[in-house]
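Fold and geometry: a report
The chain contents come next:
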Amino acid sequence: MNHYTVPNRNGSHSKGHLIKVTGEGTIHLQPDTASVNLGIITEMKELLAAQQQNSKDVAKVIEALRKLGIPANLIQTSDYRIETEYDYDQGKQLFRDYKINHLLQVKIEDLSLIGKVVDTAVQNGVNFVSNIQFSLKDKDSFYLQALNLALNNATEKAKTIASNLNVTLIPTPSSVVEAGSTAQPIHFQAEALMKGTSSTPIEPGQVKISAVIAAEFHFYSNI
């Protein structure tokens, strides 16, 4: 919300002679990087056998991704869990099997490969896909652009208020406070894709970067 104070008749530069505004700046950009979580879930009654099978399946997926051109340093384990699964019969807990979840996070710098990465992973044993996220590598420089837009927006608001009040604005703000920032990535949820999926259509959309400032401008009366 914008705030302003009406000047005293003597037009002095008292502390109360302020116009307080917020400024917002937003830019929309094409993302240049993506990440996706690929899960290999294995369920077996024997724990050691389950671990061995899961490890074999994970290695196969990683090898397939490397052949697509994904560097090893962009493929990493983000979660690994062993859980015991039970069935319940008339209030009794009955052991069913062990469940191993191995989650890989894959970063993709060539966005034309994102659909192929998902398809290849599923075809090679991945049975859980989630949190496909598009973002920007150099968010900081783009945020500075949004911050500049926010300052310009605040200045224009202050000029408009001063004009309507018939007062003279001192164009350089006496105070500028960075109120907030966002670099909103784009998420694409694609959970539990079935094997055999081909040519998965995944559109990156645009990343939104916003900046908000609070500024104070001094002014004096024209009377």
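Scroll up for the structure.
These remarks concern the structure in this document. (Residues numbered from 1 in each chain as written. Predicted model: local features only at pLDDT ≥ 70, side-chain atom pairs only at ≥ 80, totals over all residues. Heavy atoms only, no water.)

Summing up its helical and strand segments, the protein chain has 3 helices and 10 strands in all. Shown N-terminal to C-terminal, the secondary structure of the protein chain runs as helices and strands in the order β-β-β-α-β-β-α-β-α-β-β-β-β. Each of the 223 residues in the protein chain was classed as buried or not, and the buried ones make up 36%. In the protein chain, once contacts between residues fewer than 6 apart in sequence are set aside, the share between residues at least 24 apart is 82%. Accessible area of the protein chain: about 12900 Å², with a carbon and sulfur share of 50%. (Helix = DSSP H or I, 4+ residues; strand = E, 2+ residues; numbered from the N terminus. Buried < 20%, exposed > 50% of the residue type's maximum accessible area, 1.4 Å probe, protein only. Contact = heavy atoms within 4.5 Å. Areas by Shrake-Rupley, 256 points an atom, 1.4 Å probe, with all protein chains shown as cover.)

Let us now look at the packing of aromatic side chains. One pass over the full model with this rule turns up 2 aromatic pairs. With 6.5 Å between their ring centres and 80° between their planes, Y86 and F95 make a pair best called edge-to-face. By relative accessible area, which is 38% here, F95 ends up partly exposed. One aromatic cluster is present, formed by Y86, F95 and Y98 through successive ring pairs. (Phe/Tyr/Trp six-rings, centres within 6.5 Å; stacked < 30°, edge-to-face > 60°.)

Once that is clear, we can look at the environment of R66. Mapping R66 onto the fold places it in helix α1 (residues 47-67). Residue R66 is classed as partly exposed on the basis of its relative accessible area of 44%. Contact partners of R66, with chain neighbours within four places excluded, come to P71, A72 and I75.

So, on to the layout of surface pockets. A volume near 160 Å³ is recorded for the largest pocket. Around the largest pocket sit T33, A34, S35, L74, Q105, K107, E109, N131, Q133 and S135, which together line it. Contributing elements (two or more residues each) for the lining of the largest pocket: β3 (33-44), β5 (92-108) and β6 (128-135). Of the residues belonging to the lining of the largest pocket, the class tally is 2 nonpolar, 6 polar and 2 charged. (1 Å grid on protein atoms, 1.4 Å probe; cavity = no way out; pocket = protein on both sides within 12 Å on 5 of 7 lines; lining within 4 Å. Points joined across faces, edges and corners; volume = space filled by probe spheres on them. Nonpolar A, V, L, I, M, F, W, Y, C, P; charged D, E, K, R; others polar.)

Between its first and last C-alpha atoms helix α3 (residues 139-165) spans 39 Å; for 27 residues at 1.5 Å apiece the expected length is 39 Å, and the two agree. Along α3, the residues that are buried comprise Y143, A146, A150, A154, T155, A158, I161 and A162. Looking one or two residues beyond α3, the residue adopting positive phi is N166, at roughly 60°. (Expected span 1.5 Å × (residues − 1).)

So, on to the nonpolar core. By size, the foremost hydrophobic cluster in this structure holds 24 residues, and its most contacted members are V36, L38, L65, I70, V106, I108 and V117. Of all the secondary structure elements, the ones that give two or more residues to this core are β3, α1, β5, α2 (114-123) and β6. For this core, the leading source of residues is α2, giving 5 residues. Leaving out residues up to four positions away in the same chain, L65 has contacts with L38, I70, I75, V106 and V117. Listed in part, the 21 residues of the second largest apolar core include A146, A150, I213 and F219. (Core = buried A, V, L, I, M, F, W, Y, C linked by side-chain atoms within 4.5 Å.)

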